[in-house]
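# Structural overview
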Amino acid sequence: MAGGGPPPKADEPAPHPPKDQLPKVSYCITSPPPWLQSAFMAVQLVLHLTCSSLLMVTYAILDCVLCNLSSTFGVTAEAILLGFQHYLVMLGTTVIIPTVLVPQMGGGNEEKAKVIQTLLFVAGLNTLLQTWFGTRLPVVIGGSYTFVAPTISIILSGRWNDPDPVSVRFLDSVSVRFKKVMRATQGALIVASTIQIVLGFSGLWRNVARFLSPLSSVPLVALAGFGLYEFGFPGVAKCVEIGLPMLIVIVVFSQYLVHFVKPGKDILDRFAVLFSVVIIWIYAHLLTVGGAYNGKSPKTQTSCRTDRAGLIDAAPWIRVPYPFQWGAPSFDAGEAFAMMMAAFVALVESTGGFIAAARYASATAIPPSILSRGVGWQGIAILLSGVFGTGNGSSVSIENAGLLALTRVGSRRVVQISAGFMIFFSVLGKFGAVFASIPAPIVAALYCLFFAYVGAVGVSFLQFCNLNSFRTKFILGFSIFLGFSIPQYFNEYTAIQGFGPVHTSGRWFNDIINVPFSSEAFVAGILAYFLDNTLHRDREVRKDRGKHWWDKFRSYKTDMRSEEFYSLPFNLNKYFPSV
């Protein structure tokens, strides 16, 4: 035999056999972390290090709340602190999207603060609904960049240029246009939610997911993470003196120090995000007060300074978001169809997010019926986004799925606690605005790790496939390559020309074509799914696809572990069984 050593014996087991569940996860989906006094001390240290009076008050409130939760519900300090980390991580998208959209809608800092509060509040509700009645996976349901393009099309519609005289009489000049655009966005989201509600609760998506194999899941899940590369280092480079140290510190804390500091290994590993954010946030604040950015361009100051978000002054002390707070939604057929396409793209991307979260939570492969149920509840999430007026749709937070990997904690309880933080800080606006003012390059540095983790778990499904098959190589290579190449063409064309390759007088039609082909995960996932189910198939090919590994998890009857992970609470499985 040319090259290498002697081949392994026929009866010798593989050195790394495929695993139905991811090993070495500290706490799986059904096991909340135990009490850890040092974790509670860590949150006290973190809040005191910031030297902020608002955070001191926040700590006093949290101290009381945490003690009551611990004694009443058995919620542990470690779980609470891990949940707070999930809250911090999801703040990135929650702040970035309104920061981009609200000024274009015609709103100011006050409107931006209210939209962020609303998005936080709805994200908390949707996360609780998904973890209780949806897939029951530890996923955060937050804002999605997929809905930004159709929202911008609504903003650019010419019918907002001439304000209604009746509206002007009751509204100030700044909020007239903002509220009218927001109402149109609400109407489009409400209509768009029906596509996921119908596909999910009718079981149609279950029938689609039954043909999903480990092979076709690889491009979908991998590009759900890797496809978000534009939000990684490009965001770090907007203020490299903050972003790069953050990237280095988070890697050192999570990957290196844990091997040298044995007594506090678990603390450094699980709370690396919290420690690194506080350290770099203080460092950024010192640069700001020290005058490092005086005289710099407005763009640099916005990215680097810790006092330029404008959220703390604009946010109200206490405000509870409520349905139709911007007024009655308005409806336009074209805008609704464009938003429905964005909702379908988000559905495909979220499917990859659900699969990644199931793996990092050390659960078995998600049954198609459970996936369909989760899609239905995600449709409810988009409906609530439209009803409350977040200005954006909802989908699985990919960055929070990556945080499951970094902490090795896939507990459902932790994510439910993070939903409590979302609702708590959305109501107490001033306190939530403090954390929402974290500079964007710090968040972008975190994305470099989290998106990479999600991409890596997608690649890990290759362990179930035959990599010596030319069929496998073609499907993988072709779908992943075009998954990067086609969106790159669409995005580059849009950046240069100011509009997408499909450019007609109907913006809604343009979005129906341009939005799906601008999503890496959508293109790669759909292409891999199509090729895997249409190319030559026989019994041997079935094994090459890895389909036989997932067949036993199709329902509770074939594997009892699925019932342990995905069964509904309150004995609801009696009425909503896994089919």
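Not measured: the values here are computed from a predicted model.

Cut-offs and rules
Residues numbered from 1 in each chain as written. Predicted model: local features only at pLDDT ≥ 70, side-chain atom pairs only at ≥ 80, totals over all residues. Heavy atoms only, no water. Core = buried A, V, L, I, M, F, W, Y, C linked by side-chain atoms within 4.5 Å. Buried < 20%, exposed > 50% of the residue type's maximum accessible area, 1.4 Å probe, protein only. Helix = DSSP H or I, 4+ residues; strand = E, 2+ residues; numbered from the N terminus. Axes fitted to C-alpha atoms, helices over the stretch in contact; angles between N-to-C directions. Parallel < 35°, antiparallel > 145°, perpendicular 65-115°, else oblique. Left-handed = near helix turned anticlockwise from the far one by under 90°. Contact = heavy atoms within 4.5 Å. Nonpolar A, V, L, I, M, F, W, Y, C, P; charged D, E, K, R; others polar. pLDDT = per-residue confidence, 0-100. Expected span 1.5 Å × (residues − 1). Salt bridge = Lys/Arg side-chain N within 4 Å of Asp/Glu carboxyl O.

### Remarks on the nonpolar core
- Within the largest apolar cluster, 146 residues are counted, with the highest numbers of intra-cluster contacts made by Tyr87 and Val273.
- Broken down by element, the residue count for this core peaks at 15 residues, all from helix α3 (residues 77-105).
- Core analysis: the second largest hydrophobic core is formed by seven residues, Val122, Leu384, Val387 and Phe388 among them.

### Quick word on the packing of helix α16 (residues 333-360) against helix α17 (residues 368-388)
- Interhelical geometry of α16 versus α17 gives an angle of 130 degrees and a closest axis separation of 11 Å. When the axes of α16 and α17 are compared, the pair comes out oblique. The two elements α16 and α17 cross, and the hand of that crossing is right-handed. Side by side, α16 and α17 meet where Ala343, Ala346, Leu347, Ser350, Thr351 and Phe354 of the first sit next to Leu371, Gly374, Val375, Gln378 and Ile382 of the second.
- Partitioned by chemical class, the residues of the contact of α16 with α17 number seven nonpolar, four polar and no charged.

### Considerations on the side chain of Lys547
- Considering the arrangement of structural elements, one finds Lys547 in helix α26 (residues 547-550).
- Not counting residues within four places of it along the chain, the set of residues in contact with Lys547 comprises Arg210, Phe211, Leu212, Ser213, Pro214 and Arg542.

### A look at the confidence of the model for the protein
- Scored by pLDDT, the protein comes out at a mean of 86, with 85% of its residues at no less than 70.
- Within the model, the stretch residues 35-52 combines pLDDT values under 50 with 31 contacts to residues more than four positions away or in other chains.

### Here's the deal with helix α9 (residues 214-226)
- With 13 residues, α9 extends 18 Å between its outermost C-alpha atoms, agreeing within 8% with the 18 Å of an ideal straight helix rising 1.5 Å per residue.
- Taking burial as the measure, the 13 residues of α9 include 12 buried ones, the bulk of the element.

### Digging into the pattern of salt bridges
- In total, this model carries eight salt bridges according to the counting rule given.
- A salt bridge links Lys114 to Glu110; the nearest nitrogen and oxygen atoms lie 3.3 Å apart. A residue pair is termed a helical-turn pair when its members lie 3 or 4 positions apart in one helix, as Lys114 and Glu110 do in helix α4 (residues 109-133) at four residues.
- Between Asp532 and Arg471 there is a salt bridge, and its shortest N-O distance comes to 3.2 Å. Note that Asp532 is positioned in helix α24 (residues 520-534) and Arg471 in helix α22 (residues 470-497), a separation of 61 residues in sequence.
- Take Asp532: its relative accessible area is 0%, and that puts it in the buried class.
- By relative accessible area, which is 13% here, Arg471 ends up buried.

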